[in-house]
Amino acid sequence: MEQSGAAQSYPPLRVVGCRAKLTLMAEEKGAPPVDPTRVAYVYMQVADHVAAQIEAGTLRPGARLAGERDLAEQYGVAIGTVRRAIQELRDRGLLVTLPAKGTFVPEQLSADDAELDDT
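Residues numbered from 1 in each chain as written. Predicted model: local features only at pLDDT ≥ 70, side-chain atom pairs only at ≥ 80, totals over all residues. Heavy atoms only, no water.

Take the overall build of the protein chain next. For the protein chain, the helix and strand inventory stands at 4 helices and 5 strands. The buried share of the protein chain, taken over its 119 residues, is 34%. The long-range share in the protein chain, meaning contacts at least 24 apart out of those at least 6 apart in sequence, stands at 50%. (Helix = DSSP H or I, 4+ residues; strand = E, 2+ residues; numbered from the N terminus. Buried < 20%, exposed > 50% of the residue type's maximum accessible area, 1.4 Å probe, protein only. Contact = heavy atoms within 4.5 Å.)

On to the environment of lysine 101, then. Tracing the chain through its elements places lysine 101 in the loop between β4 (96-98) and β5 (102-104). For lysine 101, a relative accessible area of 56% gives the class exposed. The sequence separation of lysine 101 and arginine 64 amounts to 37 residues, and the corresponding C-alpha distance is 9.2 Å.

As a further point, take the environment of isoleucine 54. If you trace the backbone, isoleucine 54 turns up in helix α1 (residues 42-56). The class of isoleucine 54 is buried, set by a relative accessible area of 14%. A C-alpha to C-alpha distance of 7.7 Å links isoleucine 54 and valine 105, two positions 51 residues apart in sequence. Aside from chain neighbours lying at most four places away, what touches isoleucine 54 is Leu59, Leu94, Leu95 and Val105.

Relative orientation of the contacting elements helix α2 (residues 68-75) and helix α3 (residues 79-91) amounts to 110 degrees, with a least axis distance of 8 Å. When the interaxial angle is binned, α2 and α3 end up roughly perpendicular. Here Glu68, Arg69, Leu71 and Ala72 of α2 lie close against α3, whose contacting residues are Ile79, Val82, Arg83 and Ile86. Residues belonging to the contact of α2 with α3 are distributed by class as follows: 5 nonpolar, no polar and 3 charged. (Axes fitted to C-alpha atoms, helices over the stretch in contact; angles between N-to-C directions. Parallel < 35°, antiparallel > 145°, perpendicular 65-115°, else oblique. Nonpolar A, V, L, I, M, F, W, Y, C, P; charged D, E, K, R; others polar.)

The subject of this paragraph is the packing of α1 against α3. Two elements in contact, α1 and α3, have axes separated by 8 Å at closest approach and are oriented at 55 degrees. With respect to each other, α1 and α3 are oriented oblique. As for how α1 packs across α3, the hand of that crossing is right-handed. Of the residues in α3, those in contact with Val42, Tyr43, Met44, Val46, Ala47, Val50 and Ala51 of α1 are Thr81, Arg84, Ala85, Glu88 and Leu89. Counted by class, the contact of α1 with α3 contains 9 nonpolar, 1 polar and 2 charged residues. (Left-handed = near helix turned anticlockwise from the far one by under 90°.)

Per the stated rule, a full pass over the model turns up 1 cavity of 30 Å³ or more. Counted as a void, the largest cavity has a volume near 40 Å³. Lining the largest cavity are Val46, Val50, Leu65, Leu71, Tyr75, Val82, Ala85, Ile86, Leu89 and Leu95. Taken together, the elements giving at least two residues each to the lining of the largest cavity come down to α1, α2 and α3. Considering every element that reaches the lining of the largest cavity, the biggest residue donor is α3, with 4 residues. (1 Å grid on protein atoms, 1.4 Å probe; cavity = no way out; pocket = protein on both sides within 12 Å on 5 of 7 lines; lining within 4 Å. Points joined across faces, edges and corners; volume = space filled by probe spheres on them.)

What follows covers the pattern of salt bridges. A side chain with one charge can pair with a side chain of the opposite charge if their charged atoms come near. Taken as a whole and judged by the stated rule, the model has 3 salt bridges. The salt bridge involving arginine 92 is made with aspartate 48; its shortest N-O contact spans 2.8 Å. With arginine 92 in the loop between α3 and β4 and aspartate 48 in helix α1, the pair connects residues that are 44 residues apart, well separated along the chain. For arginine 92, the salt bridge identified is with glutamate 88, shortest N-O distance 3.1 Å. You can call arginine 92 partly exposed: its relative accessible area is 24%. Overlapping salt bridges, with partners in common, bring together Asp48, Glu88 and Arg92 in one network. (Salt bridge = Lys/Arg side-chain N within 4 Å of Asp/Glu carboxyl O.)

Structure, rendered in structure tokens:
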């Protein structure tokens, strides 16, 4: 990959809503959401970025994420990395995946997340 002194622009993170496609910026500041030189697993960086968008309300309950291949292309990572990030977010209760339907932000927080909000 050729590197130049010019700032690189990163593609927007696409989210598919219930009936309409929404285009959201991956990072407002222009910084890449994934930095392979950081001392953190890349899949965790992707998961943390998506989690931050959910917490900020950018990804609303019921929102459908783009497909795994599209997310991998948008983040510049392998599809396996995206799959692992989605699994991490499912484990956290922030996403649900319905086979042959897609991956969604759940309408309600999981019981563990609701307990955290009460403290």
